[in-house]
Amino acid sequence: MNNYMRYRGLFAVELALLPLIIAFKLIIGTWAVCIPLLLLAVCRGVMIFVKNKAKLSDHIIECVGDAIVLGFLAIYFAVLGFIPSWLSVVVCILLPLYELCNVYFYAKPMNDIIEALDFCFLAFVFTSIVSLSFV
């Protein structure tokens, strides 16, 4: 199986884990939410290594996945009362704007500060998924 299919398969698994977060809370309990969140973090970590950085389609898939996953988690934890609602609204507005700009500026020459900020956002996505498992 080539990396092309692995990356898309991991994207599908990542989106399939989102309803499991709600199901684990309803069926098992609040503590069980950390299980699909940690699986989501592992899936995201593997996607980082499997991604073909030269393909625009892989980059678009990553941006869509980031927006869906973090938007879903922000809304979900705001509904549970773990994070304030205003923070969820800010995340749901600013995250798609960031991802649209990220796709627009893909493969365009950027200075080192912008590249460093892009890497910091990638680290932020991974860290937020892991840290929300401890909420």
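Scroll up for the structure.
Residues numbered from 1 in each chain as written. Predicted model: local features only at pLDDT ≥ 70, side-chain atom pairs only at ≥ 80, totals over all residues. Heavy atoms only, no water.

Draft legend 1. View of the overall build of the chain. The secondary structure content of the chain amounts to five helices and zero strands. N-terminal to C-terminal, the α/β element order of the chain is α-α-α-α-α. The buried share of the chain, reckoned over its 135 residues, is 36%. If you take every contact in the chain between residues at least 6 apart in sequence, the share linking residues at least 24 apart comes to 72%. Carbon together with sulfur atoms contributes 78% to the accessible area of the chain, which is approximately 7,900 Å² in total. (Helix = DSSP H or I, 4+ residues; strand = E, 2+ residues; numbered from the N terminus. Buried < 20%, exposed > 50% of the residue type's maximum accessible area, 1.4 Å probe, protein only. Contact = heavy atoms within 4.5 Å. Areas by Shrake-Rupley, 256 points an atom, 1.4 Å probe, with all protein chains shown as cover.)

Draft legend 2. Inspection of the environment of Arg8 at higher detail. Position of Arg8 relative to the elements: it lies in helix α1 (residues 3-27). Here the alpha-carbon distance between Arg8 and Val50, two residues 42 residues apart in the chain, equals 9.9 Å. Sequence-distant contacts of Arg8, that is, excluding residues within four places in its chain, are made with Ser57, Asp58 and Ile61.

Draft legend 3. Just the pattern of salt bridges, in detail. Taken as a whole and assessed by the stated rule, the structure comprises two salt bridges. For Glu14, the salt bridge goes to Arg44, with nearest N and O atoms at 2.6 Å. In this pair, Glu14 sits in helix α1 while Arg44 sits in helix α2 (residues 34-50), placing the two residues 30 residues apart along the sequence. The exposure class assigned to Arg44 is buried, which follows from its relative accessible area of 2%. Linking Asp66 and Arg44 is a salt bridge whose minimum nitrogen-to-oxygen distance equals 2.8 Å. Taken together, the positions of Asp66 in helix α3 (residues 56-80) and Arg44 in helix α2 put the pair 22 residues apart, joining distant regions of the chain. (Salt bridge = Lys/Arg side-chain N within 4 Å of Asp/Glu carboxyl O.)

Draft legend 4. Quick peek at the packing of aromatic side chains. Under the defined criterion, the tally for this structure stands at three aromatic pairs. Here Tyr76 and Phe77 contribute two aromatic rings whose centre-to-centre distance is 5.3 Å and whose plane-to-plane angle is 70°, an arrangement assigned as edge-to-face. Of the two residues, Tyr76 and Phe77, both sit in the buried class. Taking the centre distance of 5.9 Å and the plane angle of 50° together, the rings of Phe77 and Phe82 count as tilted. In this structure Phe77 comes out as buried when scored by relative accessible area, which is 2%. (Phe/Tyr/Trp six-rings, centres within 6.5 Å; stacked < 30°, edge-to-face > 60°.)

Draft legend 5. Just a nonpolar patch on the surface, in detail. Taken together, the side chains of Trp86, Leu87, Val89, Val90, Ile93, Leu94, Leu97 and Leu100 make up a nonpolar region of the molecular surface, amounting to roughly 780 Å² of accessible area. Along the chain, Ile93 falls in helix α4 (residues 85-104). (Patch = residues over 30% accessible without salt bridge, like charges linked within 9 Å, V, L, I, M, F, W, Y side chains within 5 Å.)

Draft legend 6. Representation of α2 within the structure. In a regular helix each residue adds 1.5 Å, so 17 residues correspond to 24 Å; α2 covers 24 Å between its end C-alpha atoms and thus fits that length. Within α2, burial applies to Pro36, Leu37, Leu40, Ala41, Cys43, Arg44, Gly45, Met47 and Val50. (Expected span 1.5 Å × (residues − 1).)

Draft legend 7. Summary view of α4. For α4, built from 20 residues, the straight-helix expectation of 28 Å at 1.5 Å per residue is met to within 8% by its first-to-last C-alpha distance of 29 Å. Among the residues of α4, Ser88, Leu95, Glu99 and Asn102 are the ones counted as buried.

Draft legend 8. Highlighting the packing of α2 against α3. Contact pair α2 / α3: the axes reach a minimum separation of 13 Å and the direction vectors enclose 165°. Here α3 runs roughly antiparallel to α2, going by the angle between their axes. Crossing of α2 over α3 shows left-handed handedness. Between α2 and α3, the contacting residues are Leu37, Leu40 and Arg44 on the first element and Glu62, Gly65, Asp66, Val69, Leu73 and Phe77 on the second. Classifying every residue of the contact of α2 with α3 by side-chain character gives five nonpolar, one polar and three charged. (Axes fitted to C-alpha atoms, helices over the stretch in contact; angles between N-to-C directions. Parallel < 35°, antiparallel > 145°, perpendicular 65-115°, else oblique. Left-handed = near helix turned anticlockwise from the far one by under 90°. Nonpolar A, V, L, I, M, F, W, Y, C, P; charged D, E, K, R; others polar.)

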